[in-house]
Amino acid sequence: MSNESSTQVQNLEHHECWALLRTVSVGRLAVLVDGRPDIFPVNFTVDGGTLVFRTSQGTKLSAASGDAPVAVEADGVDPGTGLAWSVVIKGTAALVKSTEEVLETSRLYLFPWQAGRKDAFVRITPDSVTGRRFKVTDPMTWWTQISGSAKASQE
């Protein structure tokens, strides 16, 4: 029923990944907290070959400072073409500290969705940038006889 071209995944070039990241402002930040992975939504902006986000004191800031290893994933879909994309950046995060850097960073268009003081700027410098593009599968492809059945209370 489905043809090969509808299931192909296209690996994105480095410049395509950065261009796509510039089209969105929200991603998911993956960090280690007490030796366990955790993930947070963040508003970010591209600044040169880095990502920057604002935050306040707390788990995100603690886990994403001091050259901590992190990953950020962002994605999107073009409803007109049905093509989805996903970009993952892996690298290190560090608090923006110098006065000059803070002044430069504060000029970025970076508007957190959540209210409250977000005085800390964190810059993620990538070690790797990867992305892929693929056709969104029609939901009926995965539909089964039990897809519409009642769920147990734990679900």
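From a predicted model like this one, the values you see are computed outputs, not experimental measurements. (Residues numbered from 1 in each chain as written. Predicted model: local features only at pLDDT ≥ 70, side-chain atom pairs only at ≥ 80, totals over all residues. Heavy atoms only, no water.)

Visitor: Provide a residue-level description of the environment of alanine 19, including the pertinent values.
Guide: Locating alanine 19 in the fold gives a position in helix 1 (residues 14-21). The spatial distance from the C-alpha of alanine 19 to the C-alpha of valine 46 is 9.4 Å, given a sequence separation of 27 residues. (Helix = DSSP H or I, 4+ residues; strand = E, 2+ residues; numbered from the N terminus.)

Visitor: So what about the pattern of salt bridges? Which residues, and what values?
Guide: According to the stated counting rule, one finds four salt bridges in the structure shown. Glutamate 73 is paired through a salt bridge with arginine 28; the nearest N and O atoms lie 2.6 Å apart. Of this pair, glutamate 73 sits in strand 5 (residues 68-78) while arginine 28 sits in strand 2 (residues 26-33), and the two are 45 residues apart along the sequence. Under the relative-accessibility criterion, arginine 28 is labelled partly exposed at 28%. The residue aspartate 47 makes a salt bridge to arginine 123 at a minimum N-O spacing of 2.8 Å. Here aspartate 47 is found in strand 3 (residues 36-47), whereas its partner arginine 123 is found in strand 7 (residues 120-135), with 76 residues between them in sequence. On the accessibility criterion, aspartate 47 (26% relative accessible area) is partly exposed. (Salt bridge = Lys/Arg side-chain N within 4 Å of Asp/Glu carboxyl O. Buried < 20%, exposed > 50% of the residue type's maximum accessible area, 1.4 Å probe, protein only.)

Visitor: So what's going on with the environment of glycine 76? Which residues, and what values?
Guide: The residue glycine 76 is located in strand 5 in this model. Along the chain, glycine 76 and serine 86 lie 10 residues apart, while their C-alpha atoms are 6.7 Å from each other. Look past the residues within four positions of glycine 76 in its chain and what remains in contact with it is Leu83, Ala84 and Trp85. (Contact = heavy atoms within 4.5 Å.)

Visitor: Could you give me a rundown of the nonpolar core, with the residues and numbers involved?
Guide: Formed by 27 residues in total, the largest nonpolar core has its most connected members in Leu21, Leu29, Leu51, Phe53, Ala64 and Ile124. Those elements that provide at least two residues to this core are helix 1, strand 2, strand 3, strand 4 (50-55), helix 2 (59-63), strand 5, strand 6 (83-95) and strand 7. (Core = buried A, V, L, I, M, F, W, Y, C linked by side-chain atoms within 4.5 Å.)

Visitor: A description of the confidence of the model for the chain should follow, citing residues and the corresponding values.
Guide: Summary statistics for the chain give a mean pLDDT of 80 and a share of 70% for residues scoring 70 or more. The lowest-confidence element of the chain is helix 3 (residues 99-106), averaging 58 in pLDDT; the highest-confidence one is helix 1, averaging 96. (pLDDT = per-residue confidence, 0-100.)

Visitor: Explain helix 1 to me, using residue names and the numbers behind them.
Guide: Of the residues making up helix 1, those classed as buried are Glu16, Cys17, Trp18, Leu20 and Leu21. Buried positions along helix 1 lie against strand 1 (9-11), strand 3, strand 4, strand 5, strand 6 and strand 7.

Visitor: Which residues make up the side chain of serine 86, and what values do they have?
Guide: Position of serine 86 among the secondary structure elements: in strand 6. Here glutamate 73 takes part through its side chain, which lies 2.9 Å from a polar atom of the side chain of serine 86. The residues touching serine 86, leaving out its near neighbours within four places in the chain, are Glu73, Ala74, Asp75, Thr130, Gly131 and Arg132. (Polar contact = N/O pair within 3.5 Å; in protein donor to acceptor, adjacent residues only side chain to side chain.)

Visitor: Give a description of the pairing of strand 5 that names residues and reports values.
Guide: As judged from the three bridges shared by strand 2 and strand 5, these two strands associate in the antiparallel manner. Within strand 5, the position partnered with alanine 30 by the bridge is alanine 71. Sheet topology note: the strand 5/strand 6 ladder contains 11 bridges and is antiparallel. Note that in strand 6 the partner of alanine 71 across the bridge is lysine 90. Remark: four residues form the turn of the hairpin made by strand 5 and strand 6, two consecutive strands paired antiparallel; glycine 82 in that turn has positive phi of roughly 75 degrees. (Pairing = 2+ DSSP bridges.)

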